[in-house]
Amino acid sequence: MSHSETTASADPSSAWFSVRRGILNLLSLLAIVIVGLSLSSSWFQPPPQTQLDLLQTDLALQASRTLDDPRYQDLARALLGQDVFKVAQNRYQQTADNYTERLKRLKRLARLTPAGESEAASPELAQSPEVDPALLASMQDLQTELDALWLRLGLLYAYQEDLEAAQQQWQQIIDLERPVELESSQKGAARVLQGLWGTPRRILPEAEVQIRNHLDGWFEAVALQQLYRLQQRSDSLNALNQQQEKLALAALFRLAVVGGIPVLGALLGLMLLLGWLGWSLWRKRPLLGPAWEVPWPGIGAQAVLTGWFLGFIALNALVPRLYIIILGLGARQLSPWQQAVALFLTYNSGALLGAGLLYRLLHAYPGWQRVLQVRLWGPWLLWGLCGYWVALPLVVLAAALSQLLLPQAGGGNPILPLLLDSHGWGARLVFLAVVSVCAPVFEEVLFRGFWLPTLSRYLPMGAAIVLSAFTFALAHLNLSDLLPLTMLGVVLGVVYSHSRNLLAPILLHSLWNTGSLVTLLVLGGAR
């Protein structure tokens, strides 16, 4: 934006200004509609916390052998409790019920199960012109995840000698009335498990292959143990038991890391928060920093945010498709490494777009450097580290409140399933670059360096921090993270308002994302 354009835009009587402002308002309204639709569609997706809870449950099951080991018994009881299998069964059952309800909602949305009628689905599902392909894909993915839950839940029942309940879980996967489009690849594994625990016992062909292909961790071990007993393969059974003893100890260590470090960090953060509040009140220091003197107009900030968001949505659809076309593969044929590269290209194309829009606006206003400050010297390191510890208990509290208010809210970080499916460090390093470097740098420049000071020009500082944090959370487009990310954004805003240095919130944001990524890798060790 040049100086002449700035002068023209400052004249409210200008016809061209009115036209541009009207177009901008329409585009902003379009962005708000897209946000609303994305939030509503995330309602049908499994929440990320559910997946994390199941990963932690899998770790607990893997570590359950240590309950009988006198060397680790006390630690195991403290981490696992006394009835780890009943707890795991209840958690898997609740998750399966949750997924079943979500699938029913999707079917009603697709007009396959009208409200008030039974859930009898038509076998001509794909032939129905009313079924949207994207909706059908969502149903297929959810059905696949639900079948995986039923497969594992049946093993939990079988392990506790409730064979009738186990058979019922597996029978749901083999349901003959299910539409062809929702058929599960896990049907063969379900039949194998029905045979292993049936009356009489039966060993189907390729039983071991089916078990290894569709199960993992503790569940795979339980199924293989039953198979080896029936086949009287004592050597294989002994080798499996020895392997499971080593894995149980490793799982116990992972649980100690995942459970212990965050608790200690939250306690430290709570003490830091109370200490800082007490010191500020005693010394009569303001809890928030002063507002910024912002040289650019509010309409310029509206244009940047709207242009970035709509451009990012378009690039998010376009870049992966171009990448797939160049590779000559289908979307489901991409390896974890290729998916990581696609994510890297997609995110950074959006970040470059945002940087370009910011530059176009800011270079016309001398003095913008005093707002978006980056200084290597100063207490930014202390603000970033302490802010991270303080954010831990506050975000945990916000997440608990979110589950209380929105128990069925879904969505979540799309990196989660990609990271869990990745096994090589090449893909993981790319994910690390995106979440720990690219995202913190760009998002803090946009939301804390640019948007927060803009809001402080028109609103009280507290309201500006909360609104900028809410905007930051909305940009992630999922309901389940809305409250936790808003709380994180508030902490980031407070840190920036005091430090006046973008390096402080960038460090905090990077630590937060890196901690989440490491936790996923540790939990993923159960599989």
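About the cut-offs
Residues numbered from 1 in each chain as written. Predicted model: local features only at pLDDT ≥ 70, side-chain atom pairs only at ≥ 80, totals over all residues. Heavy atoms only, no water. Helix = DSSP H or I, 4+ residues; strand = E, 2+ residues; numbered from the N terminus. Buried < 20%, exposed > 50% of the residue type's maximum accessible area, 1.4 Å probe, protein only. Contact = heavy atoms within 4.5 Å. Polar contact = N/O pair within 3.5 Å; in protein donor to acceptor, adjacent residues only side chain to side chain. Patch = residues over 30% accessible without salt bridge, like charges linked within 9 Å, V, L, I, M, F, W, Y side chains within 5 Å. Areas by Shrake-Rupley, 256 points an atom, 1.4 Å probe, with all protein chains shown as cover. Salt bridge = Lys/Arg side-chain N within 4 Å of Asp/Glu carboxyl O. Core = buried A, V, L, I, M, F, W, Y, C linked by side-chain atoms within 4.5 Å. Axes fitted to C-alpha atoms, helices over the stretch in contact; angles between N-to-C directions. Parallel < 35°, antiparallel > 145°, perpendicular 65-115°, else oblique. Left-handed = near helix turned anticlockwise from the far one by under 90°. Nonpolar A, V, L, I, M, F, W, Y, C, P; charged D, E, K, R; others polar. pLDDT = per-residue confidence, 0-100. Phe/Tyr/Trp six-rings, centres within 6.5 Å; stacked < 30°, edge-to-face > 60°. Lys NZ or Arg CZ within 6 Å of the ring centre and 35° of its normal. Lys, Arg positive; Asp, Glu negative; His and termini not counted.

Secondary structure summary: the protein chain contains 19 helices and zero strands in total. Here the protein chain holds 527 residues, and 46% of them are scored as buried. In the protein chain, the share of contacts with a sequence separation of at least 24, taken over all contacts with a separation of at least 6, comes to 76%.

The residue glutamine 89 is located in helix α5 (residues 84-109) in this model. Within the local environment of glutamine 89, its side chain forms a polar contact with the side chain of glutamine 160, the two groups lying 2.7 Å apart. Ignoring sequence-local partners within four residues, the contact set of glutamine 89 consists of Leu153, Leu156, Tyr157 and Gln160.

Time to look at a nonpolar patch on the surface. A cluster of nonpolar side chains, contributed by Trp16, Val19, Ile23, Leu27 and Leu30, occupies part of the molecular surface with about 480 Å² of accessible area. With respect to the helices and strands, valine 19 occurs in helix α2 (residues 15-42).

Here the focus is the nonpolar core. Counting 60 residues, the largest nonpolar core has Leu155, Trp170 and Leu193 as its most contacted members. The contacts of leucine 155, once residues within four sequence positions are left out, are Trp170, Leu193, Trp197, Leu215, Trp218, Phe219, Val222 and Ala223. Leu310, Leu372, Leu488 and Val494 belong to the second largest nonpolar core, which has 58 residues in total.

Before going further, it helps to examine unusual backbone geometry. Note: most residues except glycine have negative phi, and most peptide bonds are trans. Of note, the amide linkage connecting threonine 199 to proline 200 takes the cis form, showing an omega dihedral of 0°. Of note, lysine 284 is a non-glycine position whose phi angle comes to about 55°, a positive value. One non-glycine residue, arginine 500, lies in the positive phi region at around 55°. Relative to the helices and strands, arginine 500 resides in the loop between α18 (482-499) and α19 (503-523). We classify arginine 500 as buried; its relative accessible area is 17%.

Looking now at the packing of helix α4 (residues 73-80) against helix α11 (residues 234-282). How two helices pack is summed up by the angle between their axes together with the distance between the axes. Between α4 and α11, the shortest axis-to-axis distance is 11 Å and the interhelical angle comes to 55°. With respect to their mutual orientation, α4 and α11 come out oblique. Crossing angle aside, the handedness with which α4 passes α11 is left-handed. Mapping the contact onto sequence places Leu75, Ala76, Leu79 and Leu80 in α4 and Leu252, Leu255 and Ala256 in α11. Taken together, the residues of the contact of α4 with α11 break down into seven nonpolar, no polar and no charged.

With 87% of its residues at a pLDDT of 70 or more, the protein chain shows a mean pLDDT of 85. Low confidence marks residues 1-10, where pLDDT is under 50. Its contacts with residues over four positions away, or in another chain, come to 15 contacts. Note on residues 114-124: pLDDT is under 50 here. Beyond four places in sequence and across chains, it has twelve contacts.

A few words on the packing of aromatic side chains. This model, assessed by the stated rule, comprises 16 aromatic pairs. With a centroid separation of 5.8 Å and an interplanar angle of 50°, the aromatic rings of tryptophan 308 and phenylalanine 442 are classed as tilted. Here tryptophan 308, found in helix α12 (residues 298-327), pairs with phenylalanine 442, found in helix α16 (residues 425-456); they are 134 residues apart in sequence, far enough to count as distant. Relative to tyrosine 347, the ring of phenylalanine 312 has its centre 6.2 Å away and its plane inclined at 80°; by these criteria the two rings are edge-to-face. With phenylalanine 312 in helix α12 and tyrosine 347 in helix α13 (residues 336-362), the pair connects residues that are 35 residues apart, well separated along the chain. Taken together, Trp308, Phe309, Phe312, Tyr347, Phe442, Phe447 and Phe472 form an aromatic cluster joined through their ring pairs. The ring centre of phenylalanine 472 lies 4.5 Å from the NZ or CZ of arginine 448, which sits over that ring.

This next bit is on the side chain of arginine 500. An unpaired buried charge is present at arginine 500: no salt bridge exists, and glutamate 293, the closest side chain of opposite charge, is 8.9 Å distant. Here alanine 291 takes part through its backbone oxygen, which lies 3.4 Å from a polar atom of the side chain of arginine 500. A polar atom in the side chain of arginine 500 sits 2.5 Å from the backbone oxygen of serine 497. Among residues more than four places away in sequence, those in contact with arginine 500 are Gly289, Pro290, Ala291, Trp292, Gln373 and Arg375.

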